[in-house]
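Notes for the structure review
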Amino acid sequence: MAARYSEIEEYIMNKIHTGEWPIGYKIPKEVELCEQFGVSRSTVRTAMLRMVQDGHLKRVKRKGTFVTAPRVLEDTTVFIESFFNEMFRRGIEVETEVLTATCHHKDGRLKELAKKFENGDSRVIKLSRLRYVKDSFDKGPIVLTTSYMPESDAFLFDYDFTKASLTKALNDHSKNRFSLEKEMTARPLESRESHLMGMKENALAMLISSVTRNEEGQIIEISESIYPLERNKFVWKLKL
């Protein structure tokens, strides 16, 4: 049986494809869709968030959600699914352990990272998480992710990231992700990383560094995700 949010996505896509809801059309409010489909607000938000991420809808602060033109891919594009989307597609539930959720002064390496944020904050928020396949804690984490956000995003401390999604937390405060640039590097695990992940030091891992921007081109998140190759598989999808 299809998830309820899929019904909402299909309904919206049908409206778009038939031209009933053209580009720029303001779609019904969340509460109206809740009543129409008899579902919770979180179900409607899941559907809308997925469509925003796919480029079919656009949220405008204090105005609503509008139909937009999907972003055009280059003739040849290589991309990797996000961790959450890949796990969701495969029907795998994930558990999260939060290692760090604090503000740090911009010194040393953080100072270099912080230069990328377009603000004058003296500190940056650091959020480190280990992710496990549910009920497979004994097999060790499959990824260690460290995210950096500007100190002005102090609302993040109101969230329990063992359960909450960072993407949702940012979206809740109109920090919508618009573009994502990733850089991949294969390298051995360092001592602390191997200890946290329960692996031998120098075991090979994939480091994926990401820079996320909003529609204005401002950086809203910098992250580094470390995937031990013994526990992960990567699939490249090409549009030719």
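Data block above holds the structure.
Here is what the cut-offs are and how they apply
Residues numbered from 1 in each chain as written. Predicted model: local features only at pLDDT ≥ 70, side-chain atom pairs only at ≥ 80, totals over all residues. Heavy atoms only, no water. Phe/Tyr/Trp six-rings, centres within 6.5 Å; stacked < 30°, edge-to-face > 60°. Helix = DSSP H or I, 4+ residues; strand = E, 2+ residues; numbered from the N terminus. Buried < 20%, exposed > 50% of the residue type's maximum accessible area, 1.4 Å probe, protein only. Contact = heavy atoms within 4.5 Å.

If you walk through the whole model with that rule in mind, you get five aromatic pairs. Between the aromatic rings of Tyr 11 and Phe 37, the centroid separation amounts to 5.4 Å while the plane-to-plane angle is 75°, which identifies the pairing as edge-to-face. Taken as a pair, Tyr 11 in helix 1 (residues 4–17) and Phe 37 in helix 2 (residues 30–37) lie far apart in primary sequence, 26 residues in all. Here Tyr 11 falls in the partly exposed class, since its relative accessible area comes to 23%. The interplanar angle of 15° and the centroid separation of 5.3 Å between the aromatic rings of Trp 21 and Tyr 25 together place this pair among those described as stacked.

Our focus in this paragraph is the environment of Thr 68. Mapped onto the fold, Thr 68 is located in the loop between strand 2 (64–67) and strand 3 (77–79). When the C-alpha positions of Thr 68 and Ile 16 are compared, they lie 9.5 Å apart, and in sequence the two are 52 residues distant. In this structure Thr 68 touches Ile 23, Gly 55, His 56, Leu 57 and Lys 58, once residues within four positions along its chain are discounted.

So yeah, pure geometry; function would need other evidence.
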